[in-house]
Amino acid sequence: MQLVNGYELMKYAKENHLVLPAFNTTDYEMTLAIVKAFDKMRLGGYIQISSHNLKLSSPEIIANMTREVMQREDISVPISLHLDHGKSFEDVKRCIDAGFTSVMVDSSQLPFEENVKEVRKAANYAHYFGIPVEAELGGIRGKEDDNVPDSNAKTDPEQVYDFVERTKCDSLAVAIGNVHGLALSPQLDFTLLKKVAKASPVPLVLHGGSGIPFDQVRRAKENNLIKVNYGSDLRKSYIKTFGKAYDLNHNEFALYDVAKQSVQNVIDTATSIITEINVKKQIS
Ligand code: G3H
Ligand code: ZN
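Let me sum up the structure you'll find in this document.

Attention now moves to the overall build of the chain. For the chain, the count of helices and strands is 10 helices and 10 strands. Over its C-alpha trace the chain gives a radius of gyration of 18 Å, about what one expects of a compact globule, namely 19 Å for 284 residues. Overall size of the chain, expressed as C-alpha extent along the three principal axes, is 55 × 40 × 40 Å. With 284 residues in all, the chain has 55% of them scored as buried.

This is the structure:
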């Protein structure tokens, strides 16, 4: 199967009452593991990469590689390739031009009016090509790649409707006590989530999935949540494999064997996340 358009994937989530995992990739091994995990579980979702991680490769390399992996592995579940935390209009444009099928423009660190302006500009471009846009309102705490946002303001429900209407974004990433990375503990504010969900004309996205207890993700799902992002959990599985191999043998050089094991470990982590957040739901 080809990469699926982001609007199609959102429709699939809605029709099947799913919250879709969005797994962060960086390189070939992560990409292979993520795609295989979705296929194994017979459920669709997002493979995504942030502006920061794209510095190691490029939108073109990632898009070509993902397309090729999808075809070679004969993947038959719907997967979209998403730009995560797109930090500039140029990144959004380049990813869409390279074949990404969904994008996020993250200008949440800017004052409200500037955030609106940046998202609207990206949305105009993305919508021309039929690509949906995720935006963020509020500041999520923790370390997001190389970026540690100054603000930790939670999403203000009073601003939500206005923001979505003016930006024309298709989904909204919320700051409701969720955090990036593994260093801080998330404390989801469900009262706030309810208010935000009520005010938002579009579905919500939860960043910082790693570390959030699964029963809380399932509870959040009842509040028009469509997507949950997982980065650190998968990266930890990947890196741990190499750390263990080195600890066992400081002269380890069988890169193929260790890389293969790391792919398997990431598949295992991703499949257990997929299972937990939708409680073993499978689509035939
Ligand atoms: O955008 C990516 C995510 O929000 C990942 O967060 O590393 O805490 O799972 P996480
Ligand atoms: Zn994030």
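What follows is about the sheet that holds strand E4 (residues 102–105). An order of E1-E2-E3-E4-E5-E7-E9-E10 is seen for the eight strands of this closed barrel, with the pairing classed as parallel. With direction set aside, neighbouring strand axes in the sheet form an average angle of 25°. Pairing geometry for E4 and strand E5 (residues 133–137), over three bridges, is parallel. Within the sheet, the bridge partner assigned to Val105 lies in E5 and is Ala135. Sheet contacts for helix H6 (residues 157–167): E5 and strand E7 (171–174); angle to E5, the most-contacted strand, approximately 150°.

The subject of this paragraph is the site of ligand 1. Taken together, 14 residues form the shell around ligand 1, and within it Asp84, Gly181, Gly208, Ser210 and Ser232 come nearest. Separating an oxygen atom of ligand 1 from a side-chain N or O atom of Ser232 is a distance of 2.5 Å. For ligand 1, whose accessible area on its own is 310 Å², the fraction buried by protein is 95%. Elements represented by at least two residues in the shell around ligand 1 include exactly strand E3 (79–86), strand E8 (179–180) and strand E10 (225–230). The residue makeup of the shell around ligand 1, split by class, is two nonpolar, 11 polar and one charged.

Our next topic: the nonpolar core. Counting 88 residues, the largest nonpolar core has Phe23, Phe100 and Leu172 as the members making the most contacts within it. Per-element accounting of this core gives the leading share, eight residues, to helix H2 (residues 28–41). Setting aside chain neighbours within four positions, we find Phe100 in contact with Ile49, Leu54, Pro59, Ile62, Ala63, Leu81, His82, Leu83, Cys95 and Ile131.

One pair of aromatic rings is described through two measures. These are the centre distance and the angle between the planes. Within this structure, the stated rule accounts for seven aromatic pairs. Ring plane angle 40° and centroid distance 5.4 Å describe the contact between Phe23 and Phe38, whose orientation is recorded as tilted. Here Phe23, found in strand E1 (residues 20–24), pairs with Phe38, found in helix H2; they are 15 residues apart in sequence, far enough to count as distant. Ring geometry for Phe89 against Tyr125: centres 5.8 Å apart, planes inclined by 85°, an arrangement best described as edge-to-face. Separated by 36 residues along the polypeptide, Phe89 in helix H4 (residues 89–98) and Tyr125 in helix H5 (residues 112–128) bring together distant segments of the chain. Residue Tyr125 is classed as buried on the basis of its relative accessible area of 17%. For the cation-ring pair, Arg219 lies above Phe190, with the distance from its terminal atom to the ring centre recorded as 3.8 Å. The ring of Tyr46 carries Lys227 above its face, with NZ or CZ at 5.3 Å from the centroid.

The rules we used
- Residues numbered from 1 in each chain as written.
- Chains lettered and ligands numbered in written order.
- Predicted model: local features only at pLDDT ≥ 70, side-chain atom pairs only at ≥ 80, totals over all residues.
- Heavy atoms only, no water.
- Helix = DSSP H or I, 4+ residues; strand = E, 2+ residues; numbered from the N terminus.
- Rg over C-alpha atoms; globule rule 2.2 N^0.38 Å.
- Buried < 20%, exposed > 50% of the residue type's maximum accessible area, 1.4 Å probe, protein only.
- Pairing = 2+ DSSP bridges.
- Axes fitted to C-alpha atoms, helices over the stretch in contact; angles between N-to-C directions.
- Contact = heavy atoms within 4.5 Å.
- Near = heavy atom within 4 Å.
- Polar contact = N/O pair within 3.5 Å; in protein donor to acceptor, adjacent residues only side chain to side chain.
- Areas by Shrake-Rupley, 256 points an atom, 1.4 Å probe, with all protein chains shown as cover.
- Nonpolar A, V, L, I, M, F, W, Y, C, P; charged D, E, K, R; others polar.
- Core = buried A, V, L, I, M, F, W, Y, C linked by side-chain atoms within 4.5 Å.
- Phe/Tyr/Trp six-rings, centres within 6.5 Å; stacked < 30°, edge-to-face > 60°.
- Lys NZ or Arg CZ within 6 Å of the ring centre and 35° of its normal.

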